[in-house]
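Here is what each chain is made of, one letter per residue.
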Amino acid sequence: MRLTTKGRYAVTAMLDLALHAERGPISLADISKRQDISLSYLEQLFSRLRQSGLVCSVRGPGGGYRLARSGADICVAEIIDAVNESVDATSCGGNSDCSGGEQCLTHYLWTDLSRQIHGFLNGISLADLVERSEVQEVARRQDCRNGADGTIEQKVAIIGGLQ
C-alpha cells in the first residue's frame, strides 16, 4: 500500500486542527511545532486543503486556519484525496501494467483491497478520531510539551499522569 508522508501529514494536521478548534483559528506554526512537520510543507498541504473546501483561512492578528465544516462531516479519505494522495495496494499504481506491461494475476485482488481501504477511511471522521481517548491523551501530552494554553492544574495533572 502506498500512503506517503503527504497523506499522513495532511491527516495529522487536520486532526490537530480539529482537536484545537475551540481555541479559534490555529496557526500553521502551532501545528508545525506540535506535530514536528515543516512549516513550508504545511503551507503546501493547507493550500490544497483550502482548495478542496476542508479548511478556511482567517487573516490578521490571531488568524490561522479552522475547519470549513464540522469534524463529523470530514472523513479521513476526503483529506487524503484532497492532497492528491491515493491508497493503492497494486504494484502498478492502478494502471494494469503490473507484469511486463500487462495485468498481473492478482491485480484485481489488490484493486479490491485498495477500494476496501478507501471505504474504511471514508467511514472515519475527524470527530471519530477526536473522541478517542488515546488521541486525546497524545494531544494533551503535545500541548503540555509545547506550552499550549491550559490551566496550571491541567498541566500538573498531565505531568503527574506521565510519571
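Rules and cut-offs
Residues numbered from 1 in each chain as written. Predicted model: local features only at pLDDT ≥ 70, side-chain atom pairs only at ≥ 80, totals over all residues. Heavy atoms only, no water. Patch = residues over 30% accessible without salt bridge, like charges linked within 9 Å, V, L, I, M, F, W, Y side chains within 5 Å. Areas by Shrake-Rupley, 256 points an atom, 1.4 Å probe, with all protein chains shown as cover. Salt bridge = Lys/Arg side-chain N within 4 Å of Asp/Glu carboxyl O. Helix = DSSP H or I, 4+ residues; strand = E, 2+ residues; numbered from the N terminus. Axes fitted to C-alpha atoms, helices over the stretch in contact; angles between N-to-C directions. Parallel < 35°, antiparallel > 145°, perpendicular 65-115°, else oblique. Left-handed = near helix turned anticlockwise from the far one by under 90°. Contact = heavy atoms within 4.5 Å. Nonpolar A, V, L, I, M, F, W, Y, C, P; charged D, E, K, R; others polar. Phe/Tyr/Trp six-rings, centres within 6.5 Å; stacked < 30°, edge-to-face > 60°. pLDDT = per-residue confidence, 0-100. Expected span 1.5 Å × (residues − 1). Buried < 20%, exposed > 50% of the residue type's maximum accessible area, 1.4 Å probe, protein only.

## Details of a nonpolar patch on the surface
Taken together, the side chains of Leu109, Trp110 and Leu113 make up a nonpolar region of the molecular surface, amounting to roughly 260 Å² of accessible area. Looking at the secondary structure, you find Leu113 in helix α5 (residues 107-122).

## A look at the packing of helix α1 (residues 5-19) against helix α2 (residues 28-35)
Two elements in contact, α1 and α2, have axes separated by 10 Å at closest approach and are oriented at 110°. Here α2 runs roughly perpendicular to α1, going by the angle between their axes. Here α1 runs over α2; the crossing is right-handed. Note on element contacts: α2 touches α1 through Ile31, Arg34 and Gln35, opposite Thr12, Ala13, Asp16 and Leu17. Along the lines of polarity and charge, the residues of the contact of α1 with α2 split into three nonpolar, two polar and two charged.

## Side note on the packing of aromatic side chains
Tallying each qualifying case throughout the model produces two aromatic pairs. Each ring, one from Tyr9 and one from Tyr41, has its centre 5.8 Å from the other, and the planes form 85°; the classification is edge-to-face. In this pair, Tyr9 sits in helix α1 while Tyr41 sits in helix α3 (residues 39-51), placing the two residues 32 residues apart along the sequence.

## Looking at the confidence of the model for the protein chain
Looking at the protein chain as a whole, the pLDDT averages 87, with 89% of positions reaching at least 70. In the model, residues 150-163 has pLDDT below 50 throughout and makes 10 contacts with residues more than four positions away in sequence or in other chains.

## Describing helix α7 (residues 133-145)
Each turn of an α-helix holds 3.6 residues, which means side chains three or four residues apart point in the same direction. With 13 residues, α7 should reach 18 Å at 1.5 Å per residue; the first-to-last C-alpha distance of 18 Å fits that figure. Listing the buried residues of α7 in full gives Val135, Ala139, Gln142, Asp143 and Cys144. A positive phi of about 65° marks Gly147, the residue just after α7.

## A short note on the pattern of salt bridges
The final tally for this structure, using the stated rule, is seven salt bridges. With a shortest N-O distance of 2.9 Å, Arg115 and Asp112 are connected by a salt bridge. Of this pair, Arg115 and Asp112 both sit in helix α5, three residues apart, roughly one helical turn. A single network of salt bridges, built from pairs that share partners, joins Glu22, Arg23 and Asp143.

## Description of the environment of Ser125
Considering the arrangement of structural elements, one finds Ser125 in the loop between α5 and α6 (126-131). Considered as a pair, Ser125 and Ala72 are 53 residues apart in the sequence and their alpha carbons are 5.4 Å apart. With residues near it in sequence (within four places) discarded, Ser125 still touches Gly71, Ala72, Ile74 and Cys75.

## Here's the deal with the environment of His118
With respect to the helices and strands, the residue His118 is situated in helix α5. The class for His118 is partly exposed, based on a relative accessible area of 29%. For His118, the contacting residues outside a window of four places in its chain are Ala77 and Asp81.

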